[in-house]
Amino acid sequence: MARLLLPLLAVLALVALAVGVPPDRSGPRSADAQGQGPQDDATRPLVYVFSFDATDGDRAIDQGRAPFLASMVRGEEGARSTYYRDSRGIMVSETNPNHTAMATGAYGERSGIPGNTFAVYDEAARRTCPAEGGDPNGPMVTSGEASTCLLAETFFAALKRQAPDVVTAGIFGKPKLGRIFSTRTVDPQAYDADHLWAPCEGSSDDPPYCRSVAVDPVQRYTNDVVVMDEVLRTVREGVPADGATRRPNLTFVNFPTIDQLGHFTGAGPVYETAIGNADQQLRRFVAQQKQLGLWDRTTIFVVSDHSMDTTTKLAPNAIASSFGADADAVEIVLNGSVNMVYLKDRNRPDRDALLARLRAAALTNPRVDEALYRLPNAADGDTRHTLDGVHPGWKIAGERTGDLLVTAKPTEKFGDGIPGGINPLSGNHGAPQTLDHMFAIVGGDPRIRQQAIASEKVDPVRFSDTVENPGSSEQVDVAPTVMALFGSRPPAQAQGRVLDEAFSSLPRVAGSCTVPTALRGFAVLPDGRGVRVTLPRTAGTTFAVDVFRQSAGRRAIANAPAARFRRSASFRWDGRGALDGSYLVRVRALRGTTTVDTRRIALVRRAGRFVGAAAPEAPRSCGTIAKAKLDRTAFGGTRGTALRVSLRLNRDARVRVELRDARDRVVRTLGDRTRRAGATQRLTVRAAGLRPGTYLVRIRATAGGRTVTRNLGATRL
């Protein structure tokens, strides 16, 4: 049974009164008024990540609702700017997962925070994530608002580990972000950030870093002026760090007011006025940087976590009402215009059939846009209706995501868990229509290139177009780029890229881990009887695409060439001459005759049509697991062909390798011990004793108190 997971109160009207913007305190205080000022290494950059919560970049910049920011984007006000016109947030399009993506560079599948609210099953997560409800014998519902619930390394921790002289600060208008980012991974006795600040909530467990400031009476958020006051203070006065008072080099800030008013009024005139008021806070900051002589060292990531959808219709819309008796078998977790549906028993023998009924029932609701499975469903098209199959760029199909993810159409919202099923908020987000956000890199640093970057192919409804536009930006690109500005490697679980096109030069990272990016954004997707191959447009790069057949009937075979292509742009293979069986598609990026990146994708052809299959390899990473792959997509069969697993670590780790069946049950443990970094580890899966079907090889590596997971798939013939 669904539960009310967030306080959606009729008294939200008080929010508008509580967060109304106070008179602008725009005059910067002089350095002389503050004495000598903080210690500051003038050779280091000053980097600020300013998240103006829920801001639509088109309105703020292109339509001029934030005129000061728009002028800086044009190269005025002594600023330079790289503006990404078609930047994207990550799914679910909510505050917590997107701020986590900014700070870690990880999508929801790795960060551990797939939504503002979600559910967990394993005992470790039950101990480390705050409980918000759920079935005692099933998934535990959680907000994830605890540093111990976060699975990915932040740029605070990464800088403390790699460049301990860099001073960092986190200043959050929303207390919940302070709770998420108050990690202590490098030194258990100290926060990873040198300075944390958030409003106190008036509870017995208020953290020591909170401050008593004006907050709204419902969510206990403060307003943008108060937040900027603290930012300006830390620049002028510094923060305690390493026994001295020092100016922060990296400051991560959340400005909450636009989001608060957008929820109350929708994305209308009040929302746009809030964008203009936030713009004045940015003006205050720039004025002080210039007065203090800091502007030519300043780089600002002006971003938002998501945009806002106007959802003023007040009518019941709870998908649980469509599920009938099956509603008792699931936990429904509300995230505005997204519902995540969790099976109370993920090991039940009829899970695929149950999920197929739930998906069919959800799609009878005329306000539902999509309903997609977390894992392949043998009872309903295998990978045809999965998150990875339909939206490969979302990268959200981790263990903490619902078994079925349901999205609402534009202007619609869900009300599961709310009395009467009526969601009272006039503005909502969560669904892909609010992935279109704001992303500009601006400042006085002369290395910033003056340019605006637009995407070639834009999906104007779901904004699910990151695969087609690898040159655009996403939230996950913030952390790697911030780290690069300090000459440091990305956080351990980062999946984003360094936006090096935004700068004329970046520091060289000594001994850095590098991950090939030539195939960033590529995709190989089934297209009826053929296959569609999406390739990034990269100057000087061509692509070799080889298709191999790896099974014939119930016989596993060596790589039998089925097709071969050399292309520089996306194309479709019509599948001519292909027979049913398992296939491996190998894509290589070539510069001249040199291979600079390689990826392998699995497909299955049934009854003359291709369908997707679980990936036989994990992308290369600078995290604990450097790489992991299977030697084939199909094993067993009449010859009992074995499946071979290889993995390589970047650091020593405790590694557990499990073989799981299609119901996510462990059928074998292939290894559970500490393994050394730098050497290729090999394991073998014998086919004997395994029933035909789809299997996952799940690799969990734990190092430094953090666990990363990779899932590789193959079919037992």
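The paragraphs below set out a description of the structure included in this document. (Residues numbered from 1 in each chain as written. Predicted model: local features only at pLDDT ≥ 70, side-chain atom pairs only at ≥ 80, totals over all residues. Heavy atoms only, no water.)

1. Points about the overall build of the protein
The secondary structure content of the protein amounts to 15 helices and 37 strands. Computed over the C-alpha atoms, the radius of gyration of the protein is 25 Å, within 12% of the 27 Å expected from 2.2 N^0.38 for a compact globule of 717 residues. Here the contacts in the protein between residues at least 6 apart in sequence split such that 72% fall between residues at least 24 apart. Counting only carbon and sulfur atoms, one obtains 49% of the accessible surface of the protein, whose full area is about 26,200 Å². Positive and negative side-chain charges in the protein, numbering 95 and 75 respectively, have mean positions lying 9 Å apart. (Helix = DSSP H or I, 4+ residues; strand = E, 2+ residues; numbered from the N terminus. Rg over C-alpha atoms; globule rule 2.2 N^0.38 Å. Contact = heavy atoms within 4.5 Å. Areas by Shrake-Rupley, 256 points an atom, 1.4 Å probe, with all protein chains shown as cover. Lys, Arg positive; Asp, Glu negative; His and termini not counted. Charge placed at Lys NZ, Arg CZ, Asp CG, Glu CD.)

2. A short note on the environment of T142
With respect to the helices, strands and loops of the structure, T142 is situated in strand β5 (residues 140-142). Taking the C-alpha atoms as reference points, T142 and R126, separated by 16 residues in sequence, lie 8.8 Å from one another. Excluding residues that lie within four positions of it along the chain, T142 makes contacts with N116, T117, F118, V120, C129, P130 and E132. Among the polar contacts made by the side chain of T142, one reaches the main-chain carbonyl oxygen of P130 at a distance of 2.5 Å. (Polar contact = N/O pair within 3.5 Å; in protein donor to acceptor, adjacent residues only side chain to side chain.)

3. Side note on the sheet that holds strand β12 (residues 298-303)
Spatially, the nine strands line up as an open sheet ordered β8-β7-β6-β11-β1-β12-β19-β2-β20, and their pairing is mixed. Each of the sheet's edge strands pairs with one partner strand only, and the pair in question is β8 (210-211) and β20 (451-453). Sheet strands touched by helix α4 (residues 95-104): β1 (46-52), β11 (250-255) and β12. Its angle to β11, the strand with the most contacts, is close to 170 degrees. (Pairing = 2+ DSSP bridges. Axes fitted to C-alpha atoms, helices over the stretch in contact; angles between N-to-C directions.)

4. Thoughts on the nonpolar core
By size, the foremost hydrophobic cluster in this structure holds 62 residues, and its most contacted members are V49, F155 and F301. Ranked by residue count, the leading element in this core is helix α15 (residues 478-485), at five residues. When residues are assigned to domains, this core turns out to be shared by domain 1 (40-111 + 153-310 + 433-502) and domain 2 (319-422), each giving three or more. Setting aside anything within four residues of it in sequence, one finds V49 in contact with M102, F155, L250, T251, F252, V253, F301, V303, V478 and V482. One finds F50, W197, L232 and A274 within the second-largest nonpolar core, a separate group that totals 43 residues. (Core = buried A, V, L, I, M, F, W, Y, C linked by side-chain atoms within 4.5 Å. Buried < 20%, exposed > 50% of the residue type's maximum accessible area, 1.4 Å probe, protein only. Domains from an automatic or database assignment.)

5. A word on the state of the cysteines
Counted by the stated rule, this structure contains two disulfides. Between the sulfur atoms of C200 and its disulfide partner C210 the distance amounts to 2.0 Å. Torsion about the S-S bond of the C200 and C210 cystine: about 90 degrees, corresponding to right-handed handedness. Separated by 10 residues along the polypeptide, C200 in the loop between β7 (195-199) and β8 and C210 in strand β8 bring together distant segments of the chain. The residues C200 and C210 share a single accessibility class, namely buried. (Disulfide = S-S within 2.5 Å.)

6. Observations concerning helix α7 (residues 155-162)
An α-helical segment advances 3.6 residues per turn. Residues three or four places apart therefore align on the same side. Within the sequence span of α7, burial applies to F155, F156, A157, A158 and L159. Check the buried side of α7 and you find it contacts β1, α4, β6 (168-172), β11 and α15. Taking the backbone nitrogen of F156 as reference, a side-chain oxygen 3.3 Å away marks T154 as the first, capping residue of α7.

7. Observations concerning a positive patch on the surface
Together, R620, K627, K629 and R682 make up a region of like positive charge exposed at the surface. In this fold, R682 is placed in strand β35 (residues 680-685). (Patch = residues over 30% accessible without salt bridge, like charges linked within 9 Å, V, L, I, M, F, W, Y side chains within 5 Å. Salt bridge = Lys/Arg side-chain N within 4 Å of Asp/Glu carboxyl O.)

8. Let's talk about the packing of helix α9 (residues 224-237) against helix α11 (residues 269-291)
At a minimum axis distance of 10 Å, the contact between α9 and α11 shows a crossing angle of 10 degrees. Viewed along their axes, α9 and α11 adopt a mutual orientation that is roughly parallel. Across the interface between the two elements, D224, V225, M228, D229, V231, L232, V235 and R236 of α9 pack against A278, Q281, L282, R284, F285, Q288 and Q289 of α11. Across the contact of α9 with α11, the residue classes tally to eight nonpolar, three polar and four charged. (Parallel < 35°, antiparallel > 145°, perpendicular 65-115°, else oblique. Nonpolar A, V, L, I, M, F, W, Y, C, P; charged D, E, K, R; others polar.)

9. Here's the deal with the packing of aromatic side chains
Under the criterion given, the structure shown has 21 aromatic pairs. Ring centres of F50 and F285 lie 4.9 Å apart, and the angle between their planes is 75 degrees; this geometry places the pair in the edge-to-face category. Taken together, the positions of F50 in strand β1 and F285 in helix α11 put the pair 235 residues apart, joining distant regions of the chain. Using a relative accessible area of 0% as the deciding quantity, one classes F50 as buried. On the accessibility criterion, F285 (0% relative accessible area) is buried. By the ring-pair criterion, three or more aromatic residues cluster together here, those being Y48, F50, F52, F255 and F285. The cationic tip of K395 hangs over the ring face of Y107; the distance from NZ or CZ to the ring centre is 5.2 Å. Taking the ring centre of F571 as reference, the NZ or CZ of R567 above it sits at 4.9 Å. (Phe/Tyr/Trp six-rings, centres within 6.5 Å; stacked < 30°, edge-to-face > 60°. Lys NZ or Arg CZ within 6 Å of the ring centre and 35° of its normal.)

10. Focus: the sheet that holds strand β32 (residues 643-649)
Spatially, the four strands line up as an open sheet ordered β29-β30-β32-β35, and their pairing is antiparallel. Each of the sheet's edge strands pairs with one partner strand only, and the pair in question is β29 (617-618) and β35.

11. Quick word on the packing of α7 against α15
Remark: α7 packs on α15, axes separated minimally by 10 Å, with the N-to-C direction vectors making an angle of 25 degrees. Classified by the angle between their axes, α7 and α15 sit roughly parallel to one another. Relative to α15, the crossing made by α7 is right-handed. In this structure, α7 contributes F155, A158, L159 and Q162 to the contact, and α15 contributes A479, V482 and M483. Of the residues in the contact of α7 with α15, the class split is six nonpolar, one polar and no charged. (Left-handed = near helix turned anticlockwise from the far one by under 90°.)

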